[in-house]
Amino acid sequence: MKKVNPLKIPSVCGVYAFSNKKGEYLYIGKAKNIKKRIKSHQTRKNLFVTDNIKIEEKDSEFEALILESQLIKKYRPKHNVLWKDDKEYFYLNKTKNKYPRLLINHDKKGLGPFVKGKELKKALEALRYVFPFYQYKKHPQKKCSFCYLNLCPGPDISLKEYQKNINSIFAIFSGKKKSVLNSFRKEMQRYSLNKEYEKAALVRDKILAIEKIIFEAKIMQKSSLEKFFRIKEKRIEAYDVSNLQGEKATGAMVVFLGRKSAKHLYRKFKISSNKPNDTAMLKEVLLRRLQHKEWPLPELILIDGGKAQLNIALKLTKDIKVAALAKKKNELFFNGQKVFLKDLPDDFAHLILNIRDEAHRFAISYHKKLRNKID
Ligand SMILES: [Zn+2]
């Protein structure tokens, strides 16, 4: 990684890192366009943003994915553990069968950590065309449906060749692409020297395919969820309820216009019900908010909680999208789906967390004020 002037960040694909004055990495990320991504961190004033920025350019999204994983493993930057629980990282593992299958899961014995399971899956699927492996414990005697997709090597592959496929995949994900390609080049030369030209040509095609896949694979894709947020002037409201054993419970509403907080639109609600029941309190706050016909309706409401809170909000706000963020696992319930924040594009996940934190901060500050008045 090389240090860059924060005002002269190049628009390249690769990995970037913010560090503190001591040189400790605070956050490591990857992007198709590093300049754009860093700018968005700066605009949103992410906590880890500093002027100590290092980058490493990569030729492809695939290689950026691998480097990001290696650097996170080595440095464990404080803010990458944004999602707090390390267990949520993804790893590439193989089963213990004679003909092992490859799995993406949270077992740390494997290769990783990878931040997003979907990205790792895309990278693995891309490589699988050159290094096919089995889908099931026992391959049927005839071709299976994965055989027809060129993702499965079929029933006749030798154990040696099968293991070579698995080992090559692991080597590439360990950042050893060069040595994998070199071993295939040597194999190709051996065949040529023995005048086994057809075999040599097959190996050559394999080398070309590996290079092409690694270079072209689209790993970092934006989800249609993100599309929803791309519109700059969307009004997003987030709610938080704060209470101490039900005394002086308060509700807070923060408003974001696009990605920016609109502090002048924040509102506070003293909750009249004294029951320490989060769902009932949220209902009261939302009902009172909706009575204000003079406030424009939001495109999205973000609430703290799980399905119970989501259902209450959906009932009250028929034409408005609602997302609920469950604290413990950082799961987002949205559009009838449950997604982990980690699986969403970084930008969007950060935005959601920023809004959630802001609502929480605002609710607590108001709560303290109320308590002080009484004390
Ligand atoms: Zn098959």
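Below is a summary of the structure that appears in this document. A quick note: this is a predicted structure, and the numbers were derived from the prediction, not measured.

What counts and how
- Residues numbered from 1 in each chain as written.
- Predicted model: local features only at pLDDT ≥ 70, side-chain atom pairs only at ≥ 80, totals over all residues.
- Helix = DSSP H or I, 4+ residues; strand = E, 2+ residues; numbered from the N terminus.
- Contact = placed C-beta atoms within 7 Å.
- Axes fitted to C-alpha atoms, helices over the stretch in contact; angles between N-to-C directions.
- Expected span 1.5 Å × (residues − 1).
- Buried ≥ 20, exposed ≤ 12 C-beta atoms within 10 Å, placed from the backbone.
- Core = buried A, V, L, I, M, F, W, Y, C linked by C-beta atoms within 7 Å.
- Domains from an automatic or database assignment.
- Pairing = 2+ DSSP bridges.
- Arc of directions from axis to C-beta.
- Parallel < 35°, antiparallel > 145°, perpendicular 65-115°, else oblique.
- Left-handed = near helix turned anticlockwise from the far one by under 90°.

Describing the overall build of the protein
- Per the secondary structure count, the protein includes eleven helices and 15 strands.
- Partitioning the intrachain contacts of the protein with sequence separation of at least 6 by distance along the chain shows that 58% fall at a separation of at least 24.

Section: the packing of helix α5 (residues 159-173) against helix α6 (residues 177-193)
- Close contact between α5 and α6 brings their axes to 7 Å; oriented N to C, the two are set at 140°. Residues Ser 168, Ala 171 and Ile 172 of α5 pack against Lys 177, Ser 179 and Val 180 of α6.

As for helix α2 (residues 61-75)
- For α2, with 15 residues, the first-to-last C-alpha span of 21 Å sits near the 21 Å given by 1.5 Å per residue.
- Inspection of α2 places Glu 61, Phe 62, Glu 63, Ala 64, Leu 65, Ile 66, Glu 68, Ser 69, Leu 71 and Ile 72 among the buried residues, and these make up the whole buried set.
- In this fold, the buried residues of α2 make contact with β2 (14-19), β3 (25-31), β7 (111-114), α3 (117-128), α5 and α7 (197-216).

So, the nonpolar core
- By size, the foremost hydrophobic cluster in this structure holds 41 residues, and its most contacted members are Tyr 16, Ala 17, Ile 28 and Leu 127.
- The dominant element in this core, judged by the number of residues it contributes, is α2, at six residues.
- No fewer than three residues from each of domain 1 (2-81) and domain 2 (90-216) sit in this core.
- Contact partners of Ala 17, with chain neighbours within four places excluded, come to Met 1, Tyr 25, Tyr 27, Ile 28, Lys 54 and Leu 71.
- By size, the runner-up hydrophobic cluster in this structure holds 40 residues, among which are Tyr 239, Met 253, Leu 302 and Ile 303.

Concerning the sheet that holds strand β5 (residues 90-94)
- Across the sheet, three strands lie side by side as β6-β5-β7; this open sheet has antiparallel pairing. The open sheet terminates on both sides in strands that have one partner only, identified here as β6 (102-105) and β7. Strand-to-strand twist in this sheet, taken as the mean axis angle between neighbours without regard to direction, amounts to 25°.
- With four bridges joining them, β5 and β6 adopt antiparallel strand pairing.

Concerning unusual backbone geometry
- With an omega dihedral of 5°, the bond running from Gly 112 to Pro 113 counts as a cis peptide bond.
- Locating Pro 113 in the fold gives a position in strand β7.
- With a phi angle near 60°, Asn 150 is a residue other than glycine that sits in the positive phi range.
- Checked against the element boundaries, Asn 150 lands in the loop between α4 (145-148) and α5.
- Located in the positive-phi region is Lys 195, a residue other than glycine, with phi close to 60°.
- Along the polypeptide, Lys 195 turns up in the loop between α6 and α7.

Re the sheet that holds β3
- Spatial ordering of the open sheet is given by β1-β4-β2-β3, a layout of four strands whose pairing is antiparallel. Since the sheet does not close on itself, it has two edges, and those belong to β1 (2-4) and β3, each with one partner. Between one strand axis and the next, the sheet turns through 30° on average, direction left out of account.
- Contacting β2, β3 and β4 (52-57), helix α1 (residues 34-43) crosses the sheet at an angle of about 135° to β3.
- Here α2 sits on the sheet in contact with β2, β3 and β4, set at roughly 170° to β3.

Some points on the environment of Asn 80
- Structurally, Asn 80 is set in the loop between α2 and β5.
- In this structure, the C-alpha to C-alpha distance between Asn 80 and Lys 212, residues 132 residues apart in sequence, is 31 Å.
- Filtering out sequence-adjacent residues up to four positions away, Asn 80 remains in contact with Tyr 27, Ile 28 and Ile 72.

A look at helix α10 (residues 307-316)
- Those residues of α10 that fall on the buried side of the exposure criterion are Gln 309, Leu 310, Ile 312 and Ala 313. For α10, the buried positions fall inside an angular range of 165° around the axis, keeping them on one side. Exposed side chains of α10 directed beyond 90 degrees from the buried face belong to Lys 307, Ala 308 and Lys 315.
- Of the surrounding elements, those touching the buried residues of α10 are α9 (278-290), β12 (300-304), β13 (321-326) and β14 (331-334).

Thoughts on the packing of α9 against α10
- Where α9 meets α10, the axes come as close as 10 Å, and the angle between the chain directions of the two elements is 25°. Our classification of the angle between α9 and α10 gives roughly parallel. Both α9 and α10 take part in a crossing whose hand is right-handed. Across from Thr 279, Leu 282, Lys 283, Leu 286, Leu 287 and Leu 290 in α9, the residues of α10 making contact are Ala 308, Gln 309, Ile 312, Ala 313 and Leu 316.

Quick word on the environment of Tyr 27
- Along the chain, the position of Tyr 27 falls in strand β3.
- Taking the C-alpha atoms as reference points, Tyr 27 and Val 322, 295 residues apart in sequence, are found 30 Å from one another.
- Aside from chain neighbours lying at most four places away, what touches Tyr 27 is Ala 17, Phe 18, Phe 48, Pro 77, His 79 and Asn 80.

Topic: the environment of Leu 208
- When you line up the elements, Leu 208 lands in helix α7.
- Along the backbone, Leu 208 and Lys 58 are 150 residues apart, and their C-alpha atoms lie at a distance of 19 Å.

Shape is all these values report; function is a separate question.
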